[in-house]
Amino acid sequence: QVQLVESGGGLMQAGGSLRLSCAASGRTFSTYAMGWFRQAPGKEREFVAAINRSGGATTYADSVKGRFTISRDNAKNTVYLQMNSLKPEDTAVYYCAAAPTLTVATRTEGKVWGQGTQVTVSS
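Residues numbered from 1 in each chain as written. Predicted model: local features only at pLDDT ≥ 70, side-chain atom pairs only at ≥ 80, totals over all residues. Heavy atoms only, no water.

Caption draft 1: Looking closely at the overall build of the protein. Scanning the protein from terminus to terminus reveals one helix and ten strands. In the protein, the order of α-helices and β-strands from amino to carboxyl end is β-β-β-β-β-β-β-β-β-α-β. Here the C-alpha atoms of the protein give a radius of gyration of 13 Å, agreeing with the 14 Å that 2.2 N^0.38 yields for 123 residues. Its C-alpha atoms give the protein principal-axis dimensions of about 40 × 25 × 25 Å. Of all 123 residues assigned to the protein, the portion counted as buried reaches 42%. Residue pairs in contact within the protein that sit at least 24 positions apart in sequence constitute 59% of those at least 6 positions apart. Positive and negative side-chain charges in the protein, numbering 13 and 8 respectively, have mean positions lying 7 Å apart. (Helix = DSSP H or I, 4+ residues; strand = E, 2+ residues; numbered from the N terminus. Rg over C-alpha atoms; globule rule 2.2 N^0.38 Å. Buried < 20%, exposed > 50% of the residue type's maximum accessible area, 1.4 Å probe, protein only. Contact = heavy atoms within 4.5 Å. Lys, Arg positive; Asp, Glu negative; His and termini not counted. Charge placed at Lys NZ, Arg CZ, Asp CG, Glu CD.)

Encoded structure:
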């Protein structure tokens, strides 16, 4: 089982940008599709973005499409989430998770979660 550590969160004004990183342990990172998720206070965890094993296919939640970009560097065992044009409603704890396929990477169930990284966007 791959272990994941998220980083890069912080406090940002609306309209700003942040890049989140998710570092994976082990030598099997490239065999997993990866997803980013978020959980706002009082809300359920939700899907944000996912990427397939090679990085050649991605998918996004409608709420972030056109603003967020997911990418990965298999040589560095890392997946990224570039967040532009941030909005206050993007405030949440962001998590990454591994999955066997891109489709499964979009689902919240059955995932092993790390500690996440807090993103706070002020208006």
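From this point, things continue past the structure.
Caption draft 2: How the structure looks around the nonpolar core. Residues Met34, Trp36, Leu81, Met83 and Tyr94 are the most contacted members of the largest nonpolar core, which totals 36 residues. Those residues within four positions of methionine 83 in sequence are excluded, and the remaining contacts are Gly16, Ser17, Leu18, Leu20, Arg67, Phe68, Tyr94 and Val119. (Core = buried A, V, L, I, M, F, W, Y, C linked by side-chain atoms within 4.5 Å.)

Caption draft 3: Main features of the sheet that holds strand β7 (residues 68-73). Reading across the sheet, the four strands line up as β1-β3-β8-β7 and stay open at both edges, with antiparallel pairing between neighbours. In this open sheet, the two edge strands, each paired with only one partner strand, are β1 (4-7) and β7. Across the sheet, the mean angle separating the axes of adjacent strands is 15° when strand polarity is ignored. Sheet analysis places strand β3 (residues 18-24) next to strand β8 (residues 78-83), joined by six bridges and oriented antiparallel. If you follow arginine 19 over to β8, its bridge partner there is glutamine 82. (Pairing = 2+ DSSP bridges. Axes fitted to C-alpha atoms, helices over the stretch in contact; angles between N-to-C directions.)

Caption draft 4: Layout of the state of the cysteines. Throughout the structure, instances matching the rule amount to one disulfide. Each disulfide pairs two cysteine sulfurs, and for cysteine 22 the partner residue is cysteine 96, the sulfurs being separated by 1.9 Å. Given an S-S torsion of about 60°, the disulfide between cysteine 22 and cysteine 96 has right-handed geometry. Taken together, the positions of cysteine 22 in strand β3 and cysteine 96 in strand β9 (residues 92-99) put the pair 74 residues apart, joining distant regions of the chain. Given a relative accessible area of 0%, cysteine 96 falls into the buried group. (Disulfide = S-S within 2.5 Å.)

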